[in-house]
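# Survey of secondary and tertiary structure
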Amino acid sequence: MSTTKARADSLSLLLFTLRSGKLMAINLLKVSEIIPCPPLTKLPESHPHVKGIATLRGASLSVIDLSRALGEMPLADPDGGCLIVTDVSRSKQGLHVQAVSKIVHCLTTDIRPPPYGSGGNRSFITGVTQVEGGLVQVLDIEKVIHAIAPAPIEVAPTDLTMEEAEVLGNARILVVDDSQVALQQSVHTLRNLGLTCHTARSAKEAIDVLLELQGTVEQINVVVSDIEMSEMDGYALTRTLRETPDFQDLYVLLHTSLDSAMNSEKARLAGANAVLTKFSSPELTKCLVVAAKAVAEKGL
């Protein structure tokens, strides 16, 4: 089973710079628009990395000083630069940056995991890639937002029927996500349900776990994977599993922070059993009950 043979998906990145001139990138699908920095209203007792609130077409928009959020000095001109308006997990934020450079297109296989132990603001990136001979860091916007305003911990439903609780107990789950924050949220939900699971921070690591557990009492029957991962995304992982006899019957649930019908269709075409947009403990629980019932019917 070779991950190098997996078909890669294309990816569009928006390149931008901070005060230091460092070139960074964000998945273009997470960007709704780019605008000059508008007048901001500073709110008392707000997080120090939040510059203020902007009004965008009648709606309030929190503006994050991305340089400060990543441990750099704020922009020399606090009223200059521009805003990258992101749309992630059904909420909008403005990222105040020095300048937007350009859009580049690459393959997901071109995005490599960040170097281990590199420190600095690399803790807020999901991967790195080469653009015109230079190293570009891909921003983990979900982690930036979580560091400023952690999402409230939702309690998993406790009104599960006896049948649902029993069938869930037979699910052997592998959670795959390159975002530490998202991974912890999923694991927290499973623990609240009384379930244990295996985890992986990349598709390659996930395949290693599947191979290691194959034929043991812990053999995985449900894979819960993020879609937007570096090097090998959730679509490619799903296609690889479907093309591998030992894993082609696994139940695959893909999830994403991008709310788009296009993601659902691509997930279906890749061979996923279901797709979940935006992390939600109750919704994840419902999906896991469906998954557990499906694998029970197949005798997996």
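Residues numbered from 1 in each chain as written. Predicted model: local features only at pLDDT ≥ 70, side-chain atom pairs only at ≥ 80, totals over all residues. Heavy atoms only, no water.

If you check an unreviewed UniProt entry, the chain appears there as Chemotaxis protein CheV from Pseudomonas veronii.

### Regarding the overall build of the chain
Across its full length, the chain carries 8 helices and 15 strands. In terms of overall dimensions, the chain is globule-like: its C-alpha atoms have a radius of gyration of 20 Å, near the 19 Å expected for 300 residues. With respect to the principal axes defined by its C-alpha atoms, the chain has extents near 60 × 45 × 35 Å. The 300 residues of the chain split such that 48% are buried. Excluding contacts between residues fewer than 6 apart, the proportion of contacts in the chain whose partners are at least 24 apart in sequence is 63%. When the accessible surface of the chain is split by element, carbon and sulfur atoms take 53% of a total near 14,500 Å². Of the side-chain charges in the chain, 27 are positive and 34 negative, and the distance between the mean point of each set is 4 Å. (Helix = DSSP H or I, 4+ residues; strand = E, 2+ residues; numbered from the N terminus. Rg over C-alpha atoms; globule rule 2.2 N^0.38 Å. Buried < 20%, exposed > 50% of the residue type's maximum accessible area, 1.4 Å probe, protein only. Contact = heavy atoms within 4.5 Å. Areas by Shrake-Rupley, 256 points an atom, 1.4 Å probe, with all protein chains shown as cover. Lys, Arg positive; Asp, Glu negative; His and termini not counted. Charge placed at Lys NZ, Arg CZ, Asp CG, Glu CD.)

### Details of the UniProt feature "modified residue: 4-aspartylphosphate" (unreviewed entry) in the chain
Taken from the UniProt record, the annotation "modified residue: 4-aspartylphosphate" (unreviewed entry) applies to Asp-226. When neighbours within four sequence positions are excluded, Asp-226 is seen to be in contact with Val-176, Asp-177, Asp-178, Gly-234, His-255 and Thr-256. (UniProt positions renumbered as here; feature names shortened; annotations may be inferred.)

### Re the nonpolar core
Among soluble globular proteins, nonpolar side chains are generally buried collectively. Judged by nonpolar contacts, the single largest core of 25 residues is most densely connected at Leu-174, Val-176, Leu-210, Val-223, Leu-241 and Leu-254. Elements represented by at least two residues in this core include exactly β11 (173–176), α5 (203–213), α6 (234–242), β14 (251–256) and α7 (261–270). The biggest single contributor to this core is α5, with 6 residues. Ignoring any residue separated from it by four or fewer positions in sequence, one finds Leu-174 in contact with His-198, Thr-199, Ala-200, Ala-206, Val-209, Leu-210, Ile-220, Val-222, Val-223 and Val-224. (Core = buried A, V, L, I, M, F, W, Y, C linked by side-chain atoms within 4.5 Å.)

### So, unusual backbone geometry
In this structure, Glu-45 takes a positive phi of about 60° despite not being glycine. Assignment of secondary structure puts Glu-45 in the loop between β3 (31–36) and β4 (50–56). The backbone of Glu-132 shows a phi angle near 50°, a positive value even though the residue is not glycine. Looking at the element boundaries, Glu-132 is found in the loop between β9 (125–131) and β10 (134–139). Relative accessible area serves as the criterion here: at 71%, Glu-132 is assigned to the exposed category.

### Remarks on the packing of aromatic side chains
In total, this model carries 0 aromatic pairs according to the counting rule given. Note that Lys-143 overlies the ring of Phe-124, its terminal NZ or CZ placed 5.7 Å from the centroid. (Phe/Tyr/Trp six-rings, centres within 6.5 Å; stacked < 30°, edge-to-face > 60°. Lys NZ or Arg CZ within 6 Å of the ring centre and 35° of its normal.)

### A word on the domain arrangement of the chain
Annotation of the chain at the domain level lists domain 1 (8–146) and domain 2 (160–296). Computed from C-alpha atoms alone, the centre-to-centre distance between domain 1 and domain 2 is 28 Å. Contacts between the two partners involve 20 residues from domain 1, matched on the other side by 19 residues from domain 2. Both sides of the domain 1 and domain 2 interface together cover about 1,600 Å² of buried area, and 51% of this is carbon and sulfur. Remark: the boundary between domain 1 and domain 2 carries 1 salt bridge. (Domains from an automatic or database assignment. Buried area = accessible area lost by both parts, 1.4 Å probe. Salt bridge = Lys/Arg side-chain N within 4 Å of Asp/Glu carboxyl O.)

### Description of the pattern of salt bridges
A full pass over the atoms with the stated rule returns 9 salt bridges. A salt bridge links Lys-22 to Glu-72, with the nearest nitrogen and oxygen atoms 3.8 Å apart. You can see Lys-22 sitting in the loop between β1 (10–17) and β2 (23–27) and its partner Glu-72 sitting in the loop between α1 (66–69) and β6 (82–88), a full 50 residues away along the chain. A salt bridge links Glu-33 to Arg-57; the shortest N-O distance between them is 2.4 Å. In this pair, Glu-33 sits in strand β3 while Arg-57 sits in the loop between β4 and β5 (59–65), placing the two residues 24 residues apart along the sequence.

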